[in-house]
Amino acid sequence: MKVNLVSRSGREVVKGGIELTDEFKVLFLGVRFQATVSDLQEAIHARIKKYYPSRQRLTLPLQAGCKGKPVVLIPKKKLADYCDGNANNLTVVFKDLGVQVSYSTLFFWEYLGPLVIYPVFYYFPVYKYFGYEGERTIYPVQTYALYYWCFHYFKRILETFFVHRFSHATSPLSHVFRNCAYYWTFGAYIAYHVNHPLYTPVGDFQIKIGFTFGLICQLANFYCHLILRNLRSPDGNGGYQIPRGFLFNIVTCANYTTEIYQWLGFNMATQTIPGCVFLVVATLIMTNWALAKHRRLKKLFDGKEGRPRYPRRWVILPPFM
Amino acid sequence: MAGFLSALRRIYLSLYNWTVFIGWFQVLYFAVKALREGGPTTVYDAVEKPLQLAQTAAVLEILHGIVGLVRSPVSATLPQIGSRLFLVWGILWSIPETRTHVLVSSLVISWSITEIIRYSFFGMKEALGFAPSWLLWLRYSTFLILYPTGITSEVGLIYVALPFIKASEKYCIRMPNKWNFTFDYFYASIIALAIYVPGSPHMYGYMLGQRKKALSKSKTA
């Protein structure tokens, strides 16, 4: 079949289109296969070197006057599934997603910043350059905060490489700069205040409760990540399942819930405005994600055609949402 | 009921736009008068009251956007109003040493011409249901000059204010305190200056896009 590849403005991306034959895979396995979207992606990459498959967004053209989102071509599906009439000719809309990096790369760099920057404020005489001469006394809570913070980001890096199974393989390169700016700036902002020579600790009891609660939530968060991991198969298809067990029975995004509560524990113990600002911003961001995920799961699992129905659950922060 | 509410909305917005229009007209009038009579150093004192009133009233526009009374996206109006309020209250009112600078004249003249055109445009649309094409043209063309002059004045005045901000320690919160919080107005102002670097091309580009849309639409209409 011939695939006409056009950009969203209608321009031909590949002159003359791409010819895909059923024999495309015959050489490989000796069995007749029908061409898949993945084959098309490989063919485009072969024609235009810089467009590797994870950079391609392929959609069916939107019918004139039709509102709503265009149909995205899924790599594993056969091209024939997307042709409703003409089995020999298909028009596909192409969008370049820009340079891509793997999610692991993105997460590693954004988490490395806080892991390295925070100890700099603790161990090195940084405050000299802000005009604070002389020795500074370090309170126990500041030391515990260092361990807690570094454990948190070390845990995140380990989870990135050994636990998470991502829904998409890649993310745009621009996200590296955006996310690193977010994490690294907040990391420095909080580290500056917690390790400050004029830092005022709170009472012992509040510190103990804060760090203990936070640690429990970090462990719960890890367990949530394990549950989410087991929902996806290792061959990297992504996909979505209904999470079950542990806190997921009550709340859709229990992983975000435990993450928010663990920052609450940190702030309870360290009591800084910058820490609280970070908590609020992170909560807003995660709430956005949680709403989208909850909506997606409810839409996917609508109870029709044999699919299970998504159970009634809190989205992220009972009893508010 | 719906018709009544819609009429109420129109009356309110007409009143709002024309009232603020009068405020900015006063700013321009007093500014030009002061320039001719006393020179650039006297402009601020002549325009202070109508400037503060007219510019602070713009906070209502954020409310209008949130409540849905108008269609403008909050994301476009918020940075604009933010920078204006920062200049009017955070620089000119807080740091008196800046008031006699010549950039004050270019600032208030750039702002007042822009706002006179903008508020009369919206005032006409709400009150009469249409705005003349020459006013539409003015609204989407004068920014080509007035954005650069206005932004230069804003950046210049913040820069001029910096040494006075540092010396006065105004609005600074130091440690130690119970919430382990610090605020340094000097560094915050520098960050504000830094935001102008990506912010100005972004706003200018946005207006260029709006101009293209608005002026081509009127051609086909």
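A few points on the structure. (Residues numbered from 1 in each chain as written. Chains lettered and ligands numbered in written order. Predicted model: local features only at pLDDT ≥ 70, side-chain atom pairs only at ≥ 80, totals over all residues. Heavy atoms only, no water.)

Some remarks on the overall build of chain B
Part 1: Scanning chain B from N- to C-terminus turns up 8 helices and 0 strands.
Part 2: Secondary structure elements of chain B, listed N to C terminal, follow the sequence α-α-α-α-α-α-α-α.
Part 3: Taking 17 Å as the expected radius of gyration for a compact globule of 221 residues, we find that chain B reaches 19 Å, a close match to that expectation.
Part 4: In terms of overall dimensions, chain B has C-alpha extents of about 60 × 50 × 30 Å along its principal axes.
Part 5: Looking at chain B as a whole, 42% of its 221 residues qualify as buried. (Helix = DSSP H or I, 4+ residues; strand = E, 2+ residues; numbered from the N terminus. Rg over C-alpha atoms; globule rule 2.2 N^0.38 Å. Buried < 20%, exposed > 50% of the residue type's maximum accessible area, 1.4 Å probe, protein only.)

Regarding unusual backbone geometry
All names here are of chain B.
Part 1: The peptide bond linking methionine 175 to proline 176 adopts the cis configuration, its omega dihedral lying at 5°.
Part 2: Mapped onto the elements, proline 176 comes out in the loop between α7 (143–168) and α8 (185–220).
Part 3: With phi around 45°, asparagine 180 is a residue other than glycine that occupies positive phi space.
Part 4: For asparagine 180, the position within the fold is in the loop between α7 and α8.

Thoughts on the pattern of salt bridges
Residues and elements named next belong to chain B.
Part 1: For the structure on display, the rule yields 13 salt bridges over all chains.
Part 2: Ionic pairing is found between glutamate 126 and arginine 9, a salt bridge with its closest N-O pair at 3.7 Å. Taken together, the positions of glutamate 126 in helix α5 (residues 103–128) and arginine 9 in helix α1 (residues 2–37) put the pair 117 residues apart, joining distant regions of the chain.
Part 3: The class for glutamate 126 is buried, based on a relative accessible area of 15%. (Salt bridge = Lys/Arg side-chain N within 4 Å of Asp/Glu carboxyl O.)

What about α1(B)?
Residue and element names in this part refer to chain B.
Part 1: With 36 residues, α1 extends 52 Å from end C-alpha to end C-alpha; this agrees with the ideal 52 Å at 1.5 Å per step.
Part 2: Those residues of α1 that fall on the buried side of the exposure criterion are Leu13, Ser14, Tyr16, Asn17, Val20, Phe21, Gly23, Trp24, Val27, Ala31 and Ala34.
Part 3: Of the surrounding elements, those touching the buried residues of α1 are α2 (43–57), α3 (59–67), α4 (74–93) and α5.
Part 4: The first or second residue beyond α1 is glycine 39, which carries a positive phi of 95°. (Expected span 1.5 Å × (residues − 1). Contact = heavy atoms within 4.5 Å.)

Bear in mind that shape data such as this cannot, by itself, settle questions of function.
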